[in-house]
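Letter by letter, the chains look like this.
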Amino acid sequence: MSTHERPRDIWTRLAVDPLADPLVRRISVHAWVTPNRITALSMTLGLAAAACFAVGRLRLGGVLFVARFFTDCLDGKVSRLQGTSSTRGAFLDTAADVTGVTLAFATLGWHLQDNGPLPTYATPALVTVLVVYNWAVGHRKHLAEQAGLGSGGADHVWQPSAPVVRSWVALCRRLGMIAVPWTVEVEIATLGLSPLLLAPDLVAGVYLGALAFYVLAVAVNLRRAWRIAGVLDHGPTGAGPIRAER
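Residues numbered from 1 in each chain as written. Predicted model: local features only at pLDDT ≥ 70, side-chain atom pairs only at ≥ 80, totals over all residues. Heavy atoms only, no water.

K.L.:
Account for the overall build of the protein, with residues named and values stated.
P.N.:
On a plain count of helices and strands, the protein comes out with eight helices and zero strands. When its helices and strands are written in sequence order, the protein yields α-α-α-α-α-α-α-α. The C-alpha radius of gyration computed for the protein amounts to 20 Å, which stays within 12% of the reference 18 Å derived for 246 residues, consistent with globular compactness. When the backbone C-alpha atoms are referred to their principal axes, the protein occupies close to 60 × 50 × 50 Å. Expressed as a percentage of its 246 residues, the buried residues of the protein come to 38%. Element-wise, carbon and sulfur atoms account for 63% of the exposed surface of the protein, whose accessible area totals about 13900 Å². Charge separation in the protein, taken as the distance between the mean sites of 22 positive and 16 negative side-chain charges, equals 4 Å. (Helix = DSSP H or I, 4+ residues; strand = E, 2+ residues; numbered from the N terminus. Rg over C-alpha atoms; globule rule 2.2 N^0.38 Å. Buried < 20%, exposed > 50% of the residue type's maximum accessible area, 1.4 Å probe, protein only. Areas by Shrake-Rupley, 256 points an atom, 1.4 Å probe, with all protein chains shown as cover. Lys, Arg positive; Asp, Glu negative; His and termini not counted. Charge placed at Lys NZ, Arg CZ, Asp CG, Glu CD.)

K.L.:
Break down the nonpolar core for me, citing the residues and quoting the values.
P.N.:
Ranked by internal contacts, the top residues of the largest apolar core, which has 41 residues, are Phe65, Phe105, Leu108, Leu112, Leu191, Tyr207 and Tyr214. At the level of secondary structure, the elements contributing two or more residues to this core comprise helix 1 (10-27), helix 2 (35-54), helix 3 (58-82), helix 4 (87-114), helix 5 (122-147), helix 7 (183-197) and helix 8 (200-234). Tyr207 has contacts with Phe105, Ala106, Leu108, Gly109, Leu118, Ala122, Thr123, Leu126 and Thr190, leaving out every residue within four places of it along the chain. (Core = buried A, V, L, I, M, F, W, Y, C linked by side-chain atoms within 4.5 Å. Contact = heavy atoms within 4.5 Å.)

K.L.:
Got a sec to walk through the packing of helix 1 against helix 3? Specific residues and values, please.
P.N.:
Any two packed helices are characterised by how steeply their axes cross, that is the angle between the axes, and by the distance between the axes. Running from amino to carboxyl end, helix 1 crosses helix 3 at an angle of 50°, the nearest separation of the two axes being 9 Å. The angle between helix 1 and helix 3 falls in the class oblique. Crossing of helix 1 against helix 3: the hand is right-handed. On helix 3, the residues touching Trp11, Thr12, Val16, Asp17, Leu19, Ala20, Asp21, Leu23, Val24, Arg25 and Ile27 of helix 1 are Phe69, Phe70, Cys73, Leu74, Lys77, Val78 and Leu81. Class assignment for the residues of the contact of helix 1 with helix 3 results in 13 nonpolar, one polar and four charged. (Axes fitted to C-alpha atoms, helices over the stretch in contact; angles between N-to-C directions. Parallel < 35°, antiparallel > 145°, perpendicular 65-115°, else oblique. Left-handed = near helix turned anticlockwise from the far one by under 90°. Nonpolar A, V, L, I, M, F, W, Y, C, P; charged D, E, K, R; others polar.)

K.L.:
How would you sum up helix 4? Please name residues and give values.
P.N.:
Counted at 1.5 Å a residue, the expected span for helix 4 with its 28 residues is 40 Å, and the 41 Å between its end C-alpha atoms agrees. Between a side-chain oxygen at the N-terminus of helix 4 and the backbone nitrogen of Gly89 the separation is 2.9 Å; the capping residue is Ser86. Immediately beyond the C-terminal end of helix 4, within one or two residues, lies Gly116, with a positive phi of roughly 105°. (Expected span 1.5 Å × (residues − 1). Polar contact = N/O pair within 3.5 Å; in protein donor to acceptor, adjacent residues only side chain to side chain.)

K.L.:
Lay out the layout of surface pockets with the relevant residues and their values.
P.N.:
Estimates place the volume of the second largest pocket at around 150 Å³. For the lining of the second largest pocket, a count of residues per class yields three nonpolar, two polar and three charged. (1 Å grid on protein atoms, 1.4 Å probe; cavity = no way out; pocket = protein on both sides within 12 Å on 5 of 7 lines; lining within 4 Å. Points joined across faces, edges and corners; volume = space filled by probe spheres on them.)

K.L.:
Which residues make up the packing of aromatic side chains, and what values do they have?
P.N.:
Under the counting rule described, the total for this entry stands at five aromatic pairs. Of note, Arg68 hangs over the ring of Phe65, and the distance from its end group to the ring centre comes to 4.9 Å. (Phe/Tyr/Trp six-rings, centres within 6.5 Å; stacked < 30°, edge-to-face > 60°. Lys NZ or Arg CZ within 6 Å of the ring centre and 35° of its normal.)

K.L.:
Which residues make up the confidence of the model for the protein, and what are the values?
P.N.:
The predicted model of the protein has a mean per-residue pLDDT of 89, with 91% of residues at 70 or higher. Within the protein, helix 6 (residues 163-175) has the poorest average pLDDT of any element, 88, and helix 7 the best, 97. Across residues 237-246, confidence stays below pLDDT 50; counting only partners more than four residues off in sequence or on other chains, it has 13 contacts. (pLDDT = per-residue confidence, 0-100.)

Laid out in structure tokens, this is it:
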């Protein structure tokens, strides 16, 4: 992996890339295959998954959500091979992600609440925290761009002391993969695998785990944004505030 290439998420690297990479090489040669059409298909699958959750078809909804994520990974790969990357395409991809994931969380939670195993506070709390998380990530990236700090996320440079953990981190570096499960894995576990494989009571437990995760993720991103804002206010050497050009 190039030193400038961002590591892949665990699920993407291990479960998606081995299938998606050869598929993309085959389909990208066709003119009718475009990134925006793939994004539209991903959005359709996400809406279908949310609809299935709403009516209690949890297993089918889980299958559709896993398919939605797989399809979502294809548009960027196709755009790179075809040389058709665009700002509008990136915007459409983000809109499809946020819409599909938020609706899936909302409809799955409503169904679990209506049928008993999930506390009534969980769905509005998770959707609210998810909105704050998306804002925090977006604002962190905006501040980091102004400060010349890339995306402002984790640098994934980790030197653990435990031998087992150190071996895992070394393997992840060789594979170009993030060592710690994060949002992708939480989405797949909560909206894909658990509805597909688990009983509703257990799905509710996974849902509450996702709520706890996003509370933590919001705190992490707000802390990073606060630090970057300090760099913009004072400069890396305390030379005074850095102002963005208007």
